[in-house]
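Structure at a glance
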Amino acid sequence: MSYDVLVVGGGIAGMESALNLGDMGFKVLLVEKEASIGGKMILLSKVFPTLDCASCISTPKMAATSHHPNITTMVHSEVENIVRREDGRFQVRLQKHTNYVNPSACTGCGECELACTVASPDEFNADLVLRRAAHIPFPQAVPKKAVIERAGTSPCSFECPAGVKAHGYIALVRAGRYEEAFALHMEDAPLVGSLSRACYAPCEGACTRGGLEGPLSIRGIKRFLADRYYAAHSEPEYGPPERRSGKRVAVVGSGPAGLTAAYFLAQLGHEVVVFEAAPQAGGMLRYGIPAYRLPREVLDRDIKNVTALSVSIQLNHPVTSVRSLLEQGFDAVFLSVGTRESQKLGVPGEDLEGVMGCMDFLVAANTGAIASLAGKSVIVVGGGNSAIDPARLALRLGAAKVTILYRRSRQEMPAHDWEVKAALEEGVQLQELRTPVEFLGEDGHLKAVKAQAMRLGEPDSSGRRRPVPVPGSENVIPVDLVIISIGLAPSTGPFAGELACNKNGTLRVNASTLETSLPGVFAGGDAVTGPSMIVQAIGEGHRAAFYIDHYLRGDDVTKLVFNDRLPVMDKAEVLQREQGATRRERSVLRELPPAERIQGIIEVEQGFTEEEARAEAARCLDCGVCSECHACVRACPAGAIDFSLRDQQMELDVGAVIVASGFRLFNARAKKSYGYGRYPNVIDAMQMDRILAPTRPYNAVIRPSDGKVPDNIAYVLCTGSRDCTLDNRLCSRVCCMYSLKQAQLIMGAVPLADVTIYYIDIRAFGKGYEEFFQQARDMGVMFVKGKVAEIQEEENGNLTLTYEDIEGGGGRQRATHDLVVLSVGLLANPEPANLFAPGQLEMDPYSYVREPEEDLDPGRTNIPGIFVAGTAAGIRDIPDTILHAGAAAAQTAAYLQQARSLR
Amino acid sequence: MPAVHSDDSGPRILVFSTNSISDPGIDLVGSAHMHYSPRVVTIPVPCSSGIRPSWILHAIEAGFDGVFIAADGTDCAYVSDCTTRTGKVVAQSQKLLQEHGHDPRRLKMAAICSVCAESFVSHIDRLGEDLKRLEVRKERQEEGKP
């Protein structure tokens, strides 16, 4: 792409030079880093010395610029690099930032802003008020398109192995929109109830608020929205999709991975048949996790989410060959058979009756085959979750004594800490550093176990210290039932001949597409990863559905990326940003007392009340700003919002460049003695200009601490300018005049207020400026000649200024006001130098772009073809900026014409 | 991007707009500093269904290359079937143009709402392009070329 001129910056200087050059017939590209052109002027209330409305003057120029036939405007874009080529033209690299909104579809209607669930400081209103993450930058924005502020992916959503947008549903619960929260969860995972009970919640571990009082109880919030939805909707509200693909997919195994894959494949219009070997669907959810953790009604309702799409689940139907399924006419297969087998210890007596694998025990107990263990003593061997669940279940079946034998110590137990704690509370005994060496029986029945003590030796490959037997430490323990829970093994035996497997029996698959060694056969869940967590299996089911769908369409699956996310937010950065957050204690899900809960198979945990859920959701810090709740996507009538859009880099070639990158405002926090940022009623002049502007944030002039209309306002001139302690000796040229302007506007807006301006000099040098100053005096503005040394806050929010009374009685004086406005100076923006090779674009000693012949050749820089317009070269007021922009445009036109005639 | 309209060539187009709806839309084009040919002139009327076919014929015979009727679609507060009514006017006018040896494609109609500034510019630009092609074709016909 090629243009005659690149203008860097869409403020008044940039727009003016672009319009001049466009009118002359040159093709101009105007690049602006904000989401709208207009620069600083569009933020102002009125201008000096005429008190014309700033918007009324700027907006026609903004419209003219954006509609000019010869000007292309690129907003939300930044020039990164400019290189002069041998032929005299310039190679430009720029970054187009995305708003996540398709600009040709967006009409700027603002519906997305009304639906958005996240609030963020409004930079257009100098952070005085909040706006939403999805927003129109300001009412007169050109172009008027929505912007979705996304700083990154929030840690909770990023951490979730299934990609569930936790931040999104938390933001919706916070806003009281529970049904939308449920719908959002269903976009990523259909087994909402099961996850709300049994997920190990890695999101909570990642939650940034963990660095304050404690992480959000995200799983508790999920449980609230799931229970609420299921109470109101006993059946799913949808049926199968209308458009069918004509393809058939077989899913083997109805555990979390299989059910999830079936759900997403059916949604995409494929016919899905699930084959389940057991008498009921659910896999590990039904047969592994005990009902006191995951009640059966919740699981059954989750499964309805899948079957409502006309997914057929064939029960009591084991599958032993995937090839046969393909031969039967299925176009693809998803294998999710899980880890139904229990690993064996390999010690003598293991096949005695009364020694069971943990899965066999759990299935028997969960189906009622083992109804009671009254009076029996039970030993569970192992230290993972697969040991804790059988132990706690045995207790509820009435066992007289339940002991866990673990060969390492408690710290090394892989089970979740809270589960071990719960088990011990309920009365399960734990014998650390012991392991069985033999099972003793009579007539084939177990009678006792011979166990041995262990001590911890050197760490092994997993990093844990190896247990080493202690010789001579054996003892014999009488026992009725032993449950071996040392690990689970994949149920992939029947497929070993058809598919490539790993040494431990898990299936070998392509890491991203999940395709096995047999084309058209995909696999996921524990059968691939080994024993893992439900949410991981769900994530794999969703991933597999994505790739299977594309495989069925004949797409090249290697080119596709599933679930591309923005980079995760840096927690330290978020905590820094949210320093002002009010401290609130976290709510935790209540549990029944141990004695009560082992009375039977009763649900242990209780959910949040509505108040608790919303209060907990209100603790969210909105790490990534946008929560990905997709409320805006649903609200947009034009379907313009697209979260998959990304920033783009572009290269283009231009004949000349005008740098019009403007100035920076002095950040008054740097002047510590004035209290800006500490005292709420010390504001800066930009904030006051916003308060006075027609597009103001409040309906009146009020002060931040208590909303009182001020009646005694002080202006402190030269804040950040003419100040060697802040390394800026320059006068900012416009502050005296803008302070006089604001003072006059305040006299109009708040007629009863007194305004006092504390000055060193009043610089009113231009045409009409002295008259403007006299006008302010005549309106009753008071002037005190004296530099303000310090500002201190009083109890009621008022402020006391200490100043040198130069023209009065002399000496140090003090005065109290209820609002102080700091007339902040304008500083150089040193960015332009970074667009070129180091040192290539000469800057002057004050960090402005240097004009080698400032008086005779304004607008020229040291690089031929690179020009500068406006405050990028030095502070100036609005009329002088327009003048300078005209000069730069003339210089550029002459340069381009010369270049053309030379060719 | 539309071409720069700065010269005296290009088709002359007469636009009939409606006082309440399409004329404000056309006026917005100017307020928003959008560009269209200066050889386009607009006559606002109270209702586009009141345009007489004889006016269209008169416009073409008086020297306008094309006529555009900016009707109201469903926006008008008084009648909701503007498109049908104005459509009848267009049909009659095109028949009249043909009877007098003029190409009926010189008349176009579209619904322009009170904020349809961009839409108006795009319709007029397209009509301008079509009219230019008609001129070229007429010249070729007169020269005996296919």
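Residues numbered from 1 in each chain as written. Chains lettered and ligands numbered in written order. Predicted model: local features only at pLDDT ≥ 70, side-chain atom pairs only at ≥ 80, totals over all residues. Heavy atoms only, no water.

**Regarding the overall build of chain A**
Along chain A, the regular secondary structure elements total 26 helices and 39 strands. Summarising its shape, the C-alpha atoms of chain A cover approximately 115 × 70 × 55 Å along the three principal directions. In chain A, which comprises 903 residues, the proportion classed as buried is 57%. For chain A, the proportion of contacts with a sequence separation of at least 24, taken over those separated by at least 6, is 70%. Taking the average location of the 93 positive side-chain charges in chain A and that of its 108 negative ones, the two points are 1 Å from each other. (Helix = DSSP H or I, 4+ residues; strand = E, 2+ residues; numbered from the N terminus. Buried < 20%, exposed > 50% of the residue type's maximum accessible area, 1.4 Å probe, protein only. Contact = heavy atoms within 4.5 Å. Lys, Arg positive; Asp, Glu negative; His and termini not counted. Charge placed at Lys NZ, Arg CZ, Asp CG, Glu CD.)

**Describing the packing of helix 9 (residues 218-232) of chain A against helix 21 (residues 610-617) of chain A**
Residue and element names in this part refer to chain A. Direction vectors running N to C along helix 9 and helix 21 enclose 135°, while the axes themselves pass 9 Å from each other. Accordingly, the angle class assigned to the pair helix 9 and helix 21 is oblique. Taken as a pair, helix 9 and helix 21 cross one another with a handedness that is left-handed. From helix 9, Ile221, Phe224 and Arg228 reach across to helix 21, where they touch Glu610, Ala613, Glu616 and Ala617. Looking at the contact of helix 9 with helix 21 residue by residue, the class counts come to 4 nonpolar, no polar and 3 charged. (Axes fitted to C-alpha atoms, helices over the stretch in contact; angles between N-to-C directions. Parallel < 35°, antiparallel > 145°, perpendicular 65-115°, else oblique. Left-handed = near helix turned anticlockwise from the far one by under 90°. Nonpolar A, V, L, I, M, F, W, Y, C, P; charged D, E, K, R; others polar.)

**Observations regarding the environment of Phe666 of chain A**
Within the secondary structure layout, Phe666 of chain A lies in the loop between strand 29 (663-665) and strand 30 (682-684). Given a relative accessible area of 6%, Phe666 of chain A falls into the buried group.

**Quick notes on the packing of helix 1 (residues 12-23) of chain A against helix 26 (residues 878-902) of chain A**
All names here are of chain A. Relative to each other, helix 1 and helix 26 sit at 40°, their axes nearing to 8 Å. Comparing their axes, helix 26 and helix 1 come out oblique. Two packed elements cross with a definite hand, and for helix 1 against helix 26 that hand is right-handed. Between helix 1 and helix 26, the residues in contact are Ile12, Ala13, Glu16, Ser17, Asn20 and Leu21 and Ile878, Thr881, Ile882, Ala885, Gly886, Ala889, Thr892 and Ala893, respectively. Of the residues assigned to the contact of helix 1 with helix 26, the class counts are 8 nonpolar, 5 polar and 1 charged.

**Points about the side chain of Asp723 of chain A**
All names here are of chain A. Checked against the element boundaries, Asp723 lands in the loop between strand 31 (712-719) and helix 24 (735-749). Polar contacts involving the side chain of Asp723 include one to the side chain of Lys671, which spans 2.9 Å. Excluding its chain neighbours within four sequence positions, the residues that come into contact with Asp723 are Lys671, Asn728, Arg729 and Lys787. (Polar contact = N/O pair within 3.5 Å; in protein donor to acceptor, adjacent residues only side chain to side chain.)

**Quick notes on the sheet that holds strand 30 of chain A**
All names here are of chain A. The parallel open sheet is built from 5 strands, whose spatial order is 30-37-31-32-33. Two strands close off the open sheet at either side, each with one partner strand: strand 30 and strand 33 (782-785). Taken over all neighbouring pairs, the strand axes of this sheet differ in orientation by 25° on average, direction set aside. Bridging between strand 31 and strand 37 (residues 819-824) involves 5 bridges; their strand directions are parallel. Bridge assignment links Val716 to a residue of strand 37, and that residue is Leu822. Sheet contacts for helix 23 (residues 685-692): strand 30, strand 31 and strand 37; angle to strand 30, the most-contacted strand, approximately 85°. (Pairing = 2+ DSSP bridges.)

**Observations regarding the interface of chain B and chain A**
Across the boundary between the two partners, chain B contributes 7 residues, which contact 9 residues of chain A. Interface area for chain B against chain A, summed over the two sides, is near 700 Å², with a carbon-plus-sulfur share of 68%. The interface formed by chain B and chain A holds 0 salt bridges in total. Taken together, chain B and chain A are joined by 1 residue pair in polar contact (both at pLDDT 80 or more). Counted by class, the side of chain B that touches chain A contains 5 nonpolar, 2 polar and no charged residues. (Buried area = accessible area lost by both parts, 1.4 Å probe. Salt bridge = Lys/Arg side-chain N within 4 Å of Asp/Glu carboxyl O.)

**Here's the deal with the sheet that holds strand 10 (residues 248-252) of chain A**
Residue and element names in this part refer to chain A. Taken in spatial order, the 5 strands make up an open sheet running 12-11-10-13-25, and their pairing is parallel. If you trace the sheet from one side to the other, it starts and ends with strand 12 (312-314) and strand 25 (521-523), each paired once. Taken pair by pair, the neighbouring strands of this sheet meet at an average axis angle of 20°, ignoring direction. Lying over the sheet, helix 10 (residues 256-267) contacts strand 10, strand 11 (271-275), strand 12 and strand 13 (332-335), oriented at roughly 165° with respect to strand 11.

**Quick look at the pairing of strand 37 of chain A**
Residues and elements named next belong to chain A. Of all 6 residues in strand 37, 6 are buried; the element is thus mostly enclosed. Residue alternation in strand 37 divides its side chains into two sets, Leu819, Val821 and Ser823 and Val820, Leu822 and Val824, and both sets are buried. Relative to strand 37, strand 30 runs parallel, the two being bridged by 3 bridges. The residue of strand 37 that forms the bridge with Ile683 is Val821.

**A closer look at the nonpolar core**
All names here are of chain A. Membership of the largest hydrophobic core comes to 77 residues, with the highest contact counts inside it found for Tyr169, Val311 and Ile548. Residue contributions to this core peak at 9 residues, all from helix 18 (residues 534-552). Beyond its immediate chain neighbours, meaning those up to four positions away, Val311 contacts Ala262, Ala266, Val272, Val274 and Val306. Listed in part, the 63 residues of the second largest apolar core include Met15, Phe26, Ala54 and Leu835. (Core = buried A, V, L, I, M, F, W, Y, C linked by side-chain atoms within 4.5 Å.)

**What about the state of the cysteines?**
In total, this model carries 1 disulfide over all chains according to the counting rule given. Between the sulfur of Cys113 of chain B and that of Cys116 of chain B lies a disulfide, 2.5 Å long from S to S. Between Cys113 of chain B and Cys116 of chain B, the S-S dihedral sits near 105°, and the bridge is therefore right-handed. Here Cys113 of chain B falls in the buried class, since its relative accessible area comes to 19%. Free of any disulfide, Cys160 of chain A has its nearest neighbouring cysteine sulfur in Cys199 of chain A, separated by 6.6 Å. (Disulfide = S-S within 2.5 Å.)

**Overview of the environment of Leu259 of chain A**
Mapped onto the fold, Leu259 of chain A is located in helix 10. Contacts of Leu259 of chain A, omitting those with residues within four sequence positions, involve Leu191, Ser254, Gly282, Ile303, Val306 and Ile313 of chain A.

**Quick word on the pairing of strand 11 of chain A**
Residues and elements named next belong to chain A. In terms of burial, strand 11 is largely enclosed, as 4 of its 5 residues are buried. In this sheet, strand 11 lies alongside strand 10 in parallel orientation, the contact comprising 5 bridges. What sits directly across from Val252, in strand 11, is Phe275. Note on the crossover from strand 10 through helix 10 to strand 11: the handedness is right-handed. (Right-handed = clockwise from strand over helix to strand, strands pointing away.)

**Regarding the packing of aromatic side chains**
Residue and element names in this part refer to chain A. Under the definition given, this model contains 20 aromatic pairs over all chains. Consider the rings of Phe522 and Tyr551, whose centres lie 5.7 Å apart with planes at 70°: the pair is edge-to-face. Of this pair, Phe522 sits in strand 25 while Tyr551 sits in helix 18, and the two are 29 residues apart along the sequence. A relative accessible area of 0% means that Phe522 is categorised as buried. Relative to Tyr895, the ring of Phe867 has its centre 5.8 Å away and its plane inclined at 70°; by these criteria the two rings are edge-to-face. Of this pair, Phe867 sits in strand 39 (residues 866-868) while Tyr895 sits in helix 26, and the two are 28 residues apart along the sequence. Here Phe867 matches Tyr895 in class, with each residue buried. (Phe/Tyr/Trp six-rings, centres within 6.5 Å; stacked < 30°, edge-to-face > 60°.)

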